[in-house]
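Tertiary structure, described
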Amino acid sequence: MIKIQQISKSKIESVDFDNLVFGKTFTDHMFICHYKESKWQPPEIKPYEPLTLDPSASVLHYGQAVFEGMKAFKDLQEKIWLFRPDENYKRINRSAHRLQIPEFPEKYFFEGIKQLLKLDEAWIKQGEGNSLYIRPFVFASQSTVQATASDEYIFMIICAPVSTYYSGGEINVLIAEQYSRAANGGVGFAKAAGNYAAQFYPTSEALKKGFQQIIWTDANKHEYLEEAGTMNIFFKINDSLITAPTNDRILDGVTRKSIIEIAKGNGIHVEERPIKVSEIIKAYENGNLQEIFGTGTAVVVLPISSFSYRGISYKTLGTNNTAITLKKQLVGIQYNQLKDSFNWTVKID
Ligand SMILES: *Cc1c(COP(=O)(O)O)cnc(C)c1O
């Protein structure tokens, strides 16, 4: 079904796996599929290489592009596992739909990943923190500066070996009071390329002030806590975990929903509801703000030890027990070291 052209010599020998920078090293092969004449053409896997695009290619002008982020893991028996890949498949099509991009066929998506992983298997390293980051993406490739949805698209999958994402551990964040990530009726729920572009400027301003991320608040009044940078966000107050409900401003994270289920399985009370900035400040003042953490495929679970709001700095109680426990369980399932009672993992063979 997929035409495969293999590399003549792997570049893996030149890669320093002990010093990987996230997302800068890619494996030997890539998957590519063109949408033309109203249909997805037969896909191909070929050596990883630059693309040739017409300067008028629609994506370069109007940003019609969406992507996914997922990981493959290698267990102690050298078996390769994906984590809830069906969720990524459904989500890239939900994102595509919102961006007026044609839906990608399921069989191409899964067969593409499977064949790529088989070819580039040696790039997946065992051991905690090591995985292969898989980046499916699709963009408008028609040669035109006409401001309409493209007639042609390119769907690709590339893979990057990664190790633990943030080396620094805990982070300090700034609560947004001016900028927004997403608005009602917008594309915040989609993994649209442009969502990220719009975050770079506010984030770089926050970095200059010594913060690692921005906590995004609602675009209306900056009253509700929504996401942390490119992660979903959880607050532990009075032994309950609270996270914003998914809606058209919140990305429906696979890590988020997995953490919710694992937490419930541990008997932790979880509330999916709007949460105000004022509520966490009050919890802080009462000594009840136990933990804050972000969740996402790249970081898995990342404790946030302090935040700043209107020039005042606040700290959580700082044990991060829940974040650490939930992360261990999730990672244990991902690496096939703990029993997967949820049936989340998918073996590649
Ligand atoms: C991808 C993403 C997340 C995390 O989703 P996962 O499926 O857990 O990786 C959270 N927020 C935003 C804005 C994202 O783009």
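Residues numbered from 1 in each chain as written. Predicted model: local features only at pLDDT ≥ 70, side-chain atom pairs only at ≥ 80, totals over all residues. Heavy atoms only, no water.

**Some points on the nonpolar core**
Membership of the largest hydrophobic core comes to 49 residues, with the highest contact counts inside it found for F31, W40, L117, I134 and F155. Mapped by element, the contributors of at least two residues to this core are β2 (29-36), β5 (65-67), β6 (70-74), β7 (80-83), α2 (85-98), α3 (106-119), β8 (131-140) and β9 (153-162). By residue number, the principal contributor to this core is β9, which donates 7 residues. I134 has contacts with E68, G69, M70, K71, A72, L82, I113, L117, I157, I158 and C159, leaving out every residue within four places of it along the chain. With 24 residues, the next largest nonpolar core counts I233, A283, L302 and Y314 among its residues. (Core = buried A, V, L, I, M, F, W, Y, C linked by side-chain atoms within 4.5 Å. Buried < 20%, exposed > 50% of the residue type's maximum accessible area, 1.4 Å probe, protein only. Helix = DSSP H or I, 4+ residues; strand = E, 2+ residues; numbered from the N terminus. Contact = heavy atoms within 4.5 Å.)

**Overview of the environment of L225**
With respect to the helices and strands, L225 occurs in strand β12 (residues 225-228). For L225, a relative accessible area of 1% gives the class buried.

**Things to note about the site of the ligand**
Within the structure, the ligand sits among 14 residues, and K191, Y196, E227, T255 and T297 are positioned closest to it. For the ligand, an oxygen atom lies 2.8 Å from a polar atom in the side chain of K191. A distance of 2.6 Å is found between an oxygen atom of the ligand and a side-chain nitrogen or oxygen belonging to T297. Considering the ligand on its own, with 380 Å² of exposed area, one finds that the protein chains cover 96% of that surface. (Near = heavy atom within 4 Å. Polar contact = N/O pair within 3.5 Å; in protein donor to acceptor, adjacent residues only side chain to side chain. Areas by Shrake-Rupley, 256 points an atom, 1.4 Å probe, with all protein chains shown as cover.)

**So, the side chain of T243**
Among the structural elements, T243 can be located in strand β14 (residues 240-243). Among the residues examined, T243 registers a relative accessible area of 1% and is labelled buried. Setting aside residues no more than four positions away along its own chain, T243 makes contact with I233, F234, R256, I260, E271, E272 and R273.

**What to know about the domain arrangement of the protein**
How big an interface is tends to be stated in terms of accessible area lost as the parts join. In terms of domain boundaries, the protein breaks down into domain 1 (3-162) and domain 2 (171-334). Once you take the C-alpha centre of each, domain 1 and domain 2 turn out to be 27 Å apart. Tallying the contact residues gives 21 residues for domain 1 and 23 residues for domain 2. Carbon and sulfur atoms make up 62% of the surface buried where domain 1 meets domain 2, a total of about 1,800 Å² over both sides. (Domains from an automatic or database assignment. Buried area = accessible area lost by both parts, 1.4 Å probe.)

**Quick notes on unusual backbone geometry**
If you check the backbone angles, S38 has positive phi at about 65° while not being a glycine. Relative to the assigned elements, S38 resides in the loop between β2 and β3 (39-40). The backbone of V300 sits at a positive phi, close to 70°, despite the residue not being glycine. Position of V300 among the secondary structure elements: in strand β17 (residues 300-309).

**Overview of the pattern of salt bridges**
With the rule as written, the count across this model stands at 20 salt bridges. Among the salt bridges present, the one from E49 reaches K46, with a minimum N-O distance of 3.5 Å. Overall, K46 belongs to the buried group, its relative accessible area being 18%. R256 is the salt-bridge partner of E272, the closest N and O atoms lying 2.8 Å from each other. Of the two residues, E272 sits in strand β15 (residues 269-272) while R256 sits in helix α5 (residues 254-265), which places them 16 residues apart along the sequence. A relative accessible area of 40% means that E272 is categorised as partly exposed. A relative accessible area of 3% places R256 in the buried class. Each of R84, E87, K90, R94, D252, K257 and E261 takes part in a single network of salt bridges with overlapping partners. (Salt bridge = Lys/Arg side-chain N within 4 Å of Asp/Glu carboxyl O.)

**A closer look at helix α4 (residues 193-208)**
End to end, α4 covers 24 Å across 16 residues, agreeing with the expected 22 Å (1.5 Å per residue, within 8%). Residues of α4 that are buried in the fold lie against β10 (171-175) and β11 (213-217). Two residues or fewer after α4 comes G210, characterised by a positive phi angle close to 95°. (Expected span 1.5 Å × (residues − 1).)

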